[in-house]
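# Secondary and tertiary structure notes
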Amino acid sequence: MVIDAYNAGLGERKAIYKYYAQAIPSAYAIDSDNCRQLGQGKKCGICAKVCPTGAIDYKQKEQMLDLEVGAVILSTGFHAFDPGRFDTYNYAGLPNVVTAMEFERLLSAGGPTSGHLMRPSELSLKADLAAAEKGLSKLHKQLKQLEGKYGKTTGEMYDTFQSAGKDDKDLRRWETLAEQATELENRLRDLKAKQETAHEPKKIAWLQCVGSREINQCDNGYCSGVCCMYAIKEAVIAKEHAKDGLEAAIFFMDMRTYGKEFEQYYNRAQESGIRFVRSRIHTVESVPENDNLRLGYVTESGDMVSEDFDMVVLSVGLESSPEMQDLAAALGIELDHYNFAATSSFAPVATSRPGVFVCGVLQGPKDIPLSVMEASAAAGAAASNLSSARHTLVKEKTFPEERDVRAEPPRIGVFVCNCGVNISSVVRVKEVVEYAKSLPNVVYVQENLFSCSQDAQDKLVEVIKEQDLNRVVVAACSPRTHEPLFQETLRNSALNKYLYEQANIRDQCSWVHAGDPDAATEKAKDLVRMSVSRAALIEPLPMPSVPVTASALIVGGGVAGMVSALTLAKQGFKSTIVEQKDRLGGHALKLKKTWKGEDVSEFLGKLVEEVKAEANIDVLLNAEIKDTSGFVGNFKTTVSSNGTESLKEIEHGVTILATGAHSIAPQEYFYGKSERVFRWHELDEAWDSDLVKNASSAVFIQCVGSREPQRPHCSKICCTFSVQKAVELKERNPDMDVYILYRDIRTYGEREDLYKEARRRGVIFVRFDTDHKPVVEQVEGGLQVTVIDHILRRPITLKADFATLASAIETRDIAGLAQQFKVPVSQDNFFLEVHMKLRPVDFATDGVFVCGLAHYPKPIDESIAQAQAAAARAATILAQKSIEVEGVVSTVDETLCRGCGKCVEVCPYGAPQLVEVAQDVHVSRIQEALCKGCGACAVACPTGAAAIRHFNDREVLTMVEAALCE
Amino acid sequence: MTAEFEPKIIAFCCNWCAYAGADLAGVSRIQYPPNIRVIRVMCSGRVSPDFILRAFQLGADGVLVSG
Amino acid sequence: MSKSSRGNGTIGAVLVVGGGIAGIQAALDLANSGYFVHLLEKGPAIGGGMAQLDKTFPTNECAM
């Protein structure tokens, strides 16, 4: 057995293994280091002997491949910090101190405990006990035999041995065995004692910033940016898993829940009873009697507390891997001082070497959504230089012309799969095959070892032709994974792909009823009967293709809008930018520097010039969207521009929403009433004024309007902005008193360097909570700010020449646009993408994308990455000449439709439309490209006019009938 | 002695979530009683009350709509 | 690779190093916009760190 890296070392696997159950490719691999045949030079070869398809080839050798490519994208990811390097946490010595990744595996249904919350110290207890008992009984048996040979009791045997037996072979053997038995007895006693105290963990602590924001014991001065959120998530999920309740405590320095919906998740976690303790833990000690862990910490009020936990989870940070350093050296790309790839804020996925791009954590610590955005951005950036070679190396798939089978009676072929032994070890496949032969309309039945193998697919094409099949049923695994493969084979056999049906006799029979082969076999027969009855009714469906208008409409002419337009232009696609204001630039016009110190106005000037000079980009200023209609590849939008009444109609294949956001004008802290109170850019504007230049003290107030009940989201960029400005003030005048009044400092990622720099320069950070917000008063010659200091726990009064408010960032008037483009808006009023993790720039409506601050507040580098990502995602549509529309869509029988509009009401995608066919006579028509095939309209339709293809009433009900007919 | 009651259950599962959940149960080898027959639909919104009534009419002891 | 498979000496193929969630996304976007992709992964399966996660927030969905 080998330690299983997938399960973070908590489980074991064999030398031949599948990395994880759902692994892609879904194939076994041999770990040659641990293979007896390959790595250890021993004779084995068992896997080759038992493999039914002869897939094992011990002679495979490493090969050197030379690839010619136009660009390289590096996405090598991260290396989790190894806490074994610190002795303070005792990670190496104490089993119940685990890393967050280990805890993920302990929570996972596919992990070593099948998702049951269990402590590592007890993980192997059962197996260890069984092994010890078995070993002991074997030893006892051997001892009995020896004792029986001499006819002596154990005591007598011992005496014999003591007196004279030391040279006797039998007696020496008896001694060895007796010693082993004593040893095992002791072990068994220990294990049993352990079992007595074994319990599901009732109290778990998470320790934040392990290997992050740490320069004493390691050199990771940055914040890893993801640990606060994953710790909260693990605590929430662990509480769900715990049968009898779980006490969860998270020990942190600053809670950095700065992303979209993160703060709300944090609030819910607090409400659910998860304890958040602001303290950095430095030592974890063992409580030997029950394998518990003792944490010593200082509370905010200064008390020393010692508290015991059943388990401690170390929220380990993300590091650049050592391999990355070698790779960077080999490729000649620059790394920054933390060994992440060095990039500019204005080209966040471009490395120092042209043609080499990066995305994900190797560019800097980040979460999944930003990694995915950067991935698409890198694809867009890489493709920008290659568009002249687009489509030169990819082959378009062609299929033979489809045979029209509509007039033919059904001729069904059933293929029953063994899936190696996955199905056949439980389900009696031969019996299912015989049964299938007896079903109506079935003309051919075949048993396959692996239906999905290439030779089985080739055979399927032959059989369809030979047997003249016009419907195919495969009884095997899940259609979710394998239906597309078989459908493609049908198309290769000149059959419409919708003439296919799959019965899932593996995931629903053999794998879940392993102990009951009779019931599993009966159920498999039922599933095959249900599928066959459905197969007889299903029909070929058209898959119309619609041409694509190869241009984009971009709403918003800020940095995000312009970057997405340029990224598309470089790939040869036209776009129209619709900007509300009279100039391009958006809110970046107010920015001076990025957090890395780069000059924004210089960049912006060049960007605007580039956009204006680009032939592929049309810019409409003072423009407004009047109306939009259509679907992916074929949108039509009416725009008014430059104040004229004349409307312009634009045809476009995709839409990118980049309408940005703005900072609110606060109603508090004398904003607007005193010239000494600024927000954001106003400080930059007043930078050289006498007030700011001659000031001897300044105050920054954070979270003004953010993270409050009426606006719960974190505005993400304010901490970095204020900290950076504080540093600049200190640079100009080191004697100035600069205060930042904050709730949590959220200088995530490598921005933490700025925070360190601010503290080094003597910026004073004072934390407050929402119950005791700072009070600003106007006094003679300045401002007076009173805040309750969290350490002294009493009010302190600061004199300030000016105050800068980090006011909340929100969108303005996006509801109308959202309605026009049929896209949703989140609770905090930002555009809501289809999937927050995996599709961060896509909307559920195909062909519509989002980027920039309209998605969520973000710094300019992330806006640019997201804009490049939106362009890359848009390019996947624009690069196609036509789009094939899925066949599983709704239809309306207009003769039955009475135009009631129920279908329009229920459709989440806006696919049905009421059309006036005669005066006052309306019928519903489906725009097939918008329909996702959910069938809600068919259920809502009172007259039966709306129906859903492939899942019409008959096609579904026949399965119900077949299931229950016996 | 009469045989123990074995209910017949029809489950309408949404392809994107509940059916995927049944797949995950399989992949995770979670054992459950064999009394259930899954019918895959593209959305639980497709399941009209008629389907449920028809299932009961034909002798189903339970109907699960999951999505 | 024949000369005819290139346009103006530009090669319409991209090498993506690392098959985690970022590498997979980059590879898919490139392939879907008409470029040939070589996706390089040192392990026996793609998926990377995300495949080891149990659930993802804020929806607490299965990370798989």
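I will try to describe carefully the structure that is included in this document. Here the structure is a predicted model, which is why all the values come from computation and not from measurement.

## Observations concerning the overall build of chain B
- Check the secondary structure of chain B and you find two helices and three strands.
- For the C-alpha atoms alone, the extent of chain B along its principal axes is close to 45 × 35 × 10 Å.
- The proportion of buried residues among the 67 residues of chain B is 45%.
- Charge centroids of chain B, computed over 6 positive and 5 negative side chains, lie 9 Å from each other.

## Structural notes on the nonpolar core
- Grouped together as the largest cluster of nonpolar side chains are 84 residues, with contacts concentrated most on Ile73, Val559 and Leu568 of chain A together with Leu30 of chain C.
- Among the elements that line this core, the one with the most residues is helix 23 (residues 860–878) of chain A, at 11 residues.
- The contact partners of Ile73 of chain A, leaving out residues within four places of it in the chain, are Phe357, Cys359, Ala378, Ala379 and Ala382 of chain A together with Val14, Leu15, Val16, Val17, Ala26 and Leu30 of chain C.
- One finds Phe415, Ala535, Leu541 and Val888 of chain A within the second-largest nonpolar core, a separate group that totals 67 residues.

## A closer look at the sheet that holds strand 25 (residues 624–631) of chain A
All names here are of chain A.
- Taken in spatial order, the three strands of this open sheet run 25-26-27, and their pairing is antiparallel. Two strands bound the open sheet, and with one partner strand each, they are strand 25 and strand 27 (647–652). Adjacent strand axes in the sheet meet at a mean angle of 15°, parallel and antiparallel pairs treated alike.
- When strand 25 meets strand 26 (residues 634–640), the two strands line up antiparallel, connected through seven bridges. Within the sheet, the bridge partner assigned to Ser629 lies in strand 26 and is Lys636.

## Here we look at the interface of chain A and chain C
- Each partner contributes to the interface: chain A provides 68 residues, whereas chain C provides 45 residues.
- Interface area for chain A against chain C, summed over the two sides, is near 4900 Å², with a carbon-plus-sulfur share of 64%.
- On the surface where chain A and chain C come into contact, there are two salt bridges.
- In this structure, Lys42 of chain C engages Glu323 of chain A in a salt bridge whose closest nitrogen and oxygen atoms are separated by 3.0 Å.
- Our enumeration of links across chain A and chain C arrives at 20 residue pairs in polar contact (both at pLDDT 80 or more).

## Structural notes on the packing of helix 5 (residues 154–163) of chain A against helix 6 (residues 169–197) of chain A
All names here are of chain A.
- Closest axis-to-axis distance for the helix 5/helix 6 pair is 10 Å, and the angle between their directions is 120°. Accordingly, the angle class assigned to the pair helix 5 and helix 6 is oblique. Between helix 5 and helix 6 lies a crossing of left-handed hand. Residue-level inspection shows Thr154, Met157, Tyr158, Thr160 and Phe161 of helix 5 in contact with helix 6, the latter providing Leu171, Arg172, Trp174 and Glu175.
- Of the residues belonging to the contact of helix 5 with helix 6, the class tally is five nonpolar, two polar and two charged.

## Some points on the interface of chain A and chain B
- The interface of chain A with chain B comprises 41 residues on the first partner and 39 residues on the second.
- Taken as a group, Arg480, Trp511 and Leu964 of chain A account for 20% of the area that chain A buries against chain B, more than any other trio of residues on that side.
- The tally of links between chain A and chain B comes to five salt bridges.
- Of the charged contacts in the structure, one is a salt bridge between Arg480 of chain A and Asp23 of chain B, with a shortest N-O distance of 3.9 Å.
- Residue assignment for the side of chain A that touches chain B shows that the elements contributing at least two residues are helix 13 (479–492), helix 14 (506–510), helix 15 (517–535), helix 25 (936–940) and helix 26 (953–964) of chain A.
- The greatest single-element share of the side of chain A that touches chain B, amounting to eight residues, is contributed by helix 26 of chain A.
- Its residues assigned to classes, the side of chain A that touches chain B comprises 22 nonpolar, 10 polar and nine charged.

## As for unusual backbone geometry
All names here are of chain A.
- Residue Pro25 is bonded to the preceding Ile24 through a cis peptide linkage, with omega at -5°.
- Mapped onto the secondary structure, Pro25 falls in the loop between strand 3 (16–17) and strand 4 (29–30).
- Its identity as a non-glycine residue notwithstanding, Asn339 has a phi of 70°, on the positive side.
- Within the fold, Asn339 resides in the loop between helix 9 (322–331) and strand 16 (356–358).
- For Phe670, which is not glycine, the phi dihedral falls at a positive 65°.
- Here Phe670 lies in the loop between strand 29 (662–663) and strand 30 (677–679).
- Given a relative accessible area of 27%, Phe670 falls into the partly exposed group.

## A closer look at the pairing of strand 17 (residues 412–417) of chain A
All names here are of chain A.
- Of all six residues in strand 17, six are buried; the element is thus mostly enclosed.
- Burial of strand 17 is two-sided: the residues Ile412, Val414 and Val416 facing one way and the residues Gly413, Phe415 and Cys417 facing the other way are all buried.
- In terms of strand pairing, strand 17 meets strand 18 (residues 442–448) through six bridges, oriented parallel. Each residue of the ladder has a partner; that of Gly413, found in strand 18, is Tyr444.
- Note on the crossover from strand 17 through helix 11 (residues 429–437) to strand 18: the handedness is right-handed.

## Structural notes on the packing of helix 16 (residues 559–570) of chain A against helix 23 of chain A
All names here are of chain A.
- It is the contact of helix 16 with helix 23, at a shortest axis distance of 8 Å, that shows an interaxial angle of 40°. With respect to their mutual orientation, helix 16 and helix 23 come out oblique. You can see that helix 16 and helix 23 cross each other, and the crossing is right-handed. Contacts between helix 16 and helix 23 pair Val559, Ala560, Val563, Ser564, Thr567 and Leu568 from the former with Ile860, Ser863, Ile864, Ala867, Gln868, Ala871, Ala874, Ala875 and Leu878 from the latter.

## Structural notes on the arrangement of the chains
- Counting contacts across all two pairs of chains that touch, the top-ranked interface belongs to chains A and C.
- Spatially, chain B is disjoint from chain C: no contact exists, and the shortest C-alpha separation is 10 Å.

## A look at the pattern of salt bridges
All names here are of chain A.
- Scanning the entire structure with this criterion turns up 70 salt bridges over all chains.
- The salt bridge involving Glu104 is made with Lys233; its shortest N-O contact spans 2.7 Å. Note that Glu104 is positioned in helix 2 (residues 100–107) and Lys233 in helix 7 (residues 227–241), a separation of 129 residues in sequence.
- For Lys233, a relative accessible area of 3% translates into the label buried.
- One salt bridge in this structure joins Glu447 and Lys430, with 3.5 Å as the shortest N-O distance.

What counts as what
Residues numbered from 1 in each chain as written. Chains lettered and ligands numbered in written order. Predicted model: local features only at pLDDT ≥ 70, side-chain atom pairs only at ≥ 80, totals over all residues. Heavy atoms only, no water. Helix = DSSP H or I, 4+ residues; strand = E, 2+ residues; numbered from the N terminus. Buried < 20%, exposed > 50% of the residue type's maximum accessible area, 1.4 Å probe, protein only. Lys, Arg positive; Asp, Glu negative; His and termini not counted. Charge placed at Lys NZ, Arg CZ, Asp CG, Glu CD. Core = buried A, V, L, I, M, F, W, Y, C linked by side-chain atoms within 4.5 Å. Contact = heavy atoms within 4.5 Å. Pairing = 2+ DSSP bridges. Axes fitted to C-alpha atoms, helices over the stretch in contact; angles between N-to-C directions. Buried area = accessible area lost by both parts, 1.4 Å probe. Salt bridge = Lys/Arg side-chain N within 4 Å of Asp/Glu carboxyl O. Polar contact = N/O pair within 3.5 Å; in protein donor to acceptor, adjacent residues only side chain to side chain. Parallel < 35°, antiparallel > 145°, perpendicular 65-115°, else oblique. Left-handed = near helix turned anticlockwise from the far one by under 90°. Nonpolar A, V, L, I, M, F, W, Y, C, P; charged D, E, K, R; others polar. Right-handed = clockwise from strand over helix to strand, strands pointing away.

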